[in-house]
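What the coordinates show
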Amino acid sequence: MTSPPKIADEQYQDHILQGVSRTFALTIPQLPEALRRVIGNAYLLCRITDTIEDDSALTNEQTRALSDMFAEVVCGNASAEEFAQKLYPLLSNHTIPAEHDLIKNTPAVIRITHSFNPVQRRALERCVRIMAKGMADYQETESLDGLKDLSEMNQYCYYVAGVVGEMLTELFCDYSNDIDAHKSTLMKLSVSFGQGLQMTNILKDIWDDRKRGACWLPQDIFLKNGFNLRDLQPGTSDEKFQAGLAELLAVAKCHLQNALIYTSLIPPQEKGIRRFCLWAIGMAILTLNKINQHRDFSAGSQVKISRHSVKTTIITTSLFASHDWILEFLFKLTSRNLPEIDIDKIAFLEVK
């Protein structure tokens, strides 16, 4: 039987969110009170799953076993204490101190997880199970050669972010009957929303990923433009590589357009949920713009958006959170310099 959450558990969750993600520590408090606790917890579950996948000191076998075990922990079929005791000593310096602390305190996080209603728990359990298996699968095949094609990149993005979009949609629909009325459409768009954010991260982190021996770019897009990802070097000014990069920027932009449509289906009075979505979209678009302006960048820090840009995004989207036509205008204005692609040709925008 799972122990009930303690006040200290709740305090720990609020504290550790600040340490593992500045962005989510900023956006989650915008949500209605009824959603803050469960979505904050959901983020920590995903972060634990991601920590298992990211620590280079773990073998593929250890990653697979620990990922499977954590999924069972979330479902209530395995001990959170045993999981923490197994993983914590194996973590390397590659994992940041806050994540070390999070793994050590997994039982506190799980006590909160197991206090949610059945719909919420099912959404969290499904997300972690799919994410854990998918990320372990991809880790076993990661290399500097990149993924086979755009379809494989879509699948990777689904495991890392699309399934999170589905989970959030389940939680939003459980919270509001008005949101639930659009559930079918929102579920389709949520995968695209997640992919837009994840593609932005992939493009921003090209060089950081390569340092650890990974590349999540699709080979087919670059081979079509005459460039082999094996030849990729930091600061490359090869026009063929940059042509492939431009195509991916255009695809990511299309996904973020779907993210805006998703947000517009959230009732205008739910300004907190809209802000939660809009801040993520705004920061992603600004990041794509920086990458587009510096296609020969050689480190993620070179395309990181400034604090001033983050602040401007927050103020602007908050001010117009309930005005769909203004939000659409701002999106077009902000993304006007990004490459274009015919959205009708992108059938995979409705995957899953």
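Our subject is the structure that appears above.
Residues numbered from 1 in each chain as written. Predicted model: local features only at pLDDT ≥ 70, side-chain atom pairs only at ≥ 80, totals over all residues. Heavy atoms only, no water.

**Details of the overall build of the chain**
- When helices and strands are counted, the chain shows 17 helices and zero strands.
- With the C-alpha coordinates of the chain rotated into their principal frame, the extents come out at 60 × 50 × 35 Å.
- Relative to its full complement of 352 residues, the chain shows a buried share of 53%.
- Of the contacts made within the chain by residues no fewer than 6 positions apart, 76% connect residues no fewer than 24 positions apart.
- Split by element, the accessible area of the chain, about 15,900 Å² in all, is 51% carbon and sulfur. (Helix = DSSP H or I, 4+ residues; strand = E, 2+ residues; numbered from the N terminus. Buried < 20%, exposed > 50% of the residue type's maximum accessible area, 1.4 Å probe, protein only. Contact = heavy atoms within 4.5 Å. Areas by Shrake-Rupley, 256 points an atom, 1.4 Å probe, with all protein chains shown as cover.)

**Considerations on the state of the cysteines**
- Overall, the coordinates contain zero disulfides when judged by the stated rule.
- For Cys157, which is in no disulfide, the shortest distance to another cysteine sulfur is to Cys215 and amounts to 12 Å.
- Cysteine Cys173 shares no disulfide, and the gap to the nearest cysteine sulfur, in Cys277, comes to 12 Å.
- Overall, the relative accessible area of 5% leaves Cys173 in the buried class. (Disulfide = S-S within 2.5 Å.)

**Considering the pattern of salt bridges**
- Under the definition given, this model contains 18 salt bridges.
- The shortest N-O distance in the salt bridge between Lys204 and Asp205 comes to 2.9 Å.
- In this structure Lys204 comes out as partly exposed when scored by relative accessible area, which is 22%.
- Between Asp324 and Arg274 there is a salt bridge; the shortest N-O distance is 2.7 Å. One end of the pair, Asp324, is in helix H17 (residues 324–334); the other, Arg274, is in helix H15 (residues 271–293), with 50 residues separating them in the sequence. (Salt bridge = Lys/Arg side-chain N within 4 Å of Asp/Glu carboxyl O.)

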